[in-house]
Amino acid sequence: MTNRFIFTKIVIRSSIAALVAHRIPGPAGQDFLLMEKHTITDLNQTIFEDTRSFIKDSKLHPYLVVFVGQDSGKRHKLKVGRMTIGRSSQADINVEDDWASRIHCKLHWKDDIFELEDNDSTNGTYVNTHKITRIQVLPGVPIQVGHSLLKIEFKDEAEIQLEQNLHRSAFIDGLTGIFNRQYFMKRSAEELAYARRHQRPLGVIMIDIDHFKLINDTYGHQMGDFVLNRFASIINSSKRPEDVFARYGGEEFILLPRGDISVEGMRVHCERLRQTIETSEFAFGETQVRITISLGFYLGMVPRREGDASIDEFIGKADEALYRAKDLGRNRTESFL
């Protein structure tokens, strides 16, 4: 499928050829138009010419798009043949959804036909709200895998790049390259809902760079920006892959541990991150500094009833523990009492 755009250009010439219409009387009162070729010498005369587009024809390609779920906005480029879909890292298309089976279903693409086949998944595969075993799927029709909704869309590379840039600007912090506060609040609300359904604990870790204002005042904001960026990179590579790490604001960062967690496990994790930062060097040009961080965390059970607890309450308690760590001298980890 191709798209073509036709543009019009205005040309000014001192001498051009043009078609001029003359009305000629005809029989039975009917007039005819006679087109004659004339030369126009008026320098102010303009004509319009259709020209070929300078934009190349674009080819559309099918993508599997997640529009509801933890991976909302993510696009997977489809390949001809069979592709597996599931929460396993071994699946061709990985879906971050605890309700999805490891290999939940299979998508077959041949010619212009897409067929979806359930892979004996625990919670079933649904197409347009109907549970299926194997069915042909049309683009745009909702596919449910666990608690995620997906659909097939045809996109060109320019559209994909634009959407990726928009998604990045919406959820990625421009300075540090990690998730921003907006994305963290979205993901943590989903984790809270999951913890409520399964009666599992939820944990939040707040992190603050000690005396960060002094770095800005002493070495300038360029050094301060470098420290923020380098710090985020170190934590991002040191945390567990499944944990959600984001910039909360200024020099404050937030981390959501996922999976099996305990109070002691969170404390050990916090201390490992704290010691990693304490022993890291931050060198920008000829300037070298060392920094420390304070951490506060909270781990608690989520009440069964919706409305009895929100993610803001968990963040507030972790923040209270963080301020205790700062009051007790900084460069330490404290938990909510």
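Residues numbered from 1 in each chain as written. Predicted model: local features only at pLDDT ≥ 70, side-chain atom pairs only at ≥ 80, totals over all residues. Heavy atoms only, no water.

Remarks on the overall build of the chain
The number of helices and strands found in the chain is six helices and 22 strands. By the burial criterion, 40% of the 337 residues in the chain qualify as buried. Long-range pairs, those at least 24 residues apart, make up 59% of the contacts in the chain between residues at least 6 apart in sequence. A total of about 19400 Å² of accessible surface is found on the chain, and carbon and sulfur atoms cover 50% of it. (Helix = DSSP H or I, 4+ residues; strand = E, 2+ residues; numbered from the N terminus. Buried < 20%, exposed > 50% of the residue type's maximum accessible area, 1.4 Å probe, protein only. Contact = heavy atoms within 4.5 Å. Areas by Shrake-Rupley, 256 points an atom, 1.4 Å probe, with all protein chains shown as cover.)

Details of helix 3 (residues 212-219)
For helix 3, the full list of buried residues reads Phe212, Ile215 and Asn216. Summarising the axial view, the buried residues of helix 3 lie within an arc of 95°, below the 170-degree limit, and thus occupy one face. Pointing more than 90 degrees away from the buried face of helix 3 are the exposed residues Lys213, Leu214 and Asp217. On its buried side, helix 3 packs onto strand 16 (201-209) and helix 4 (221-238). (Arc of directions from axis to C-beta.)

Some thoughts on the packing of helix 3 against helix 4
With their axes 7 Å apart at the nearest point, helix 3 and helix 4 run at an angle of 140° to one another. In this view, helix 3 runs oblique relative to helix 4, as classed from their interaxial angle. Mapping the contact onto sequence places Phe212, Ile215, Asn216 and Tyr219 in helix 3 and His221, Met223, Gly224, Val227 and Leu228 in helix 4. For the contact of helix 3 with helix 4, the per-class residue count stands at six nonpolar, three polar and no charged. (Axes fitted to C-alpha atoms, helices over the stretch in contact; angles between N-to-C directions. Parallel < 35°, antiparallel > 145°, perpendicular 65-115°, else oblique. Nonpolar A, V, L, I, M, F, W, Y, C, P; charged D, E, K, R; others polar.)

Focus on the layout of surface pockets
The calculated volume of the second largest pocket comes to roughly 200 Å³. Taken together, Asp98, Glu191, Tyr194, Ala195, Arg200, Pro201, Leu202, Pro257, Arg258, Gly259 and Ile261 form the lining of the second largest pocket. Elements with a contribution of two residues or more to the lining of the second largest pocket: helix 2 (181-198) and strand 16. In terms of residues, the lining of the second largest pocket owes the most to one element, helix 2, which gives three residues. When grouped by side-chain class, the residues that make up the lining of the second largest pocket number six nonpolar, one polar and four charged. (1 Å grid on protein atoms, 1.4 Å probe; cavity = no way out; pocket = protein on both sides within 12 Å on 5 of 7 lines; lining within 4 Å. Points joined across faces, edges and corners; volume = space filled by probe spheres on them.)

Quick notes on the sheet that holds strand 16
Sheet strands line up and pair through hydrogen bonds in the backbone, either parallel or antiparallel. Taking strand neighbours across the sheet as the criterion, the five strands line up as 17-18-16-21-22 in an open arrangement whose pairing is mixed. A strand with exactly one partner marks an edge of an open sheet, and here the two such strands are strand 17 (244-249) and strand 22 (333-335). Adjacent strand axes in the sheet meet at a mean angle of 20°, parallel and antiparallel pairs treated alike. With five bridges connecting them, strand 17 and strand 18 (residues 252-256) associate as antiparallel partners. Among the inter-strand pairings, Phe245 is bridged to a residue of strand 18, identified as Leu255. On the sheet, helix 5 (residues 263-278) packs against strand 16, strand 18, strand 21 (293-301) and strand 22 and is oriented at approximately 165° with respect to strand 21. (Pairing = 2+ DSSP bridges.)

Points about the nonpolar core
Grouped together as the largest cluster of nonpolar side chains are 28 residues, with contacts concentrated most on Phe231, Phe245 and Phe253. Put simply, the parts of the chain that give this core at least two residues each are strand 16, helix 3, helix 4, strand 18, helix 5 and strand 21. Take this core: its biggest share by element is seven residues, from helix 4. Counting residues in hydrophobic clusters, the runner-up holds 21 residues, among them Tyr183, Phe184, Ala246 and Leu322. (Core = buried A, V, L, I, M, F, W, Y, C linked by side-chain atoms within 4.5 Å.)

Concerning the pattern of salt bridges
In the structure shown here, the tally under the stated rule is 21 salt bridges. Among the ionic pairs, Asp260 bridges to Arg200, the shortest N-O distance being 3.4 Å. Taken together, the residues Asp260 in the loop between strand 18 and helix 5 and Arg200 in the loop between helix 2 and strand 16 connect sequence positions 60 residues apart. Under the relative-accessibility criterion, Asp260 is labelled exposed at 74%. Across the pair Glu334 and Arg332 runs a salt bridge, and its minimum N-O distance is 2.9 Å. Connected through shared salt-bridge partners, Glu96, Asp98, Lys186, Arg187, Glu190, Glu191 and Arg258 make up one network. (Salt bridge = Lys/Arg side-chain N within 4 Å of Asp/Glu carboxyl O.)

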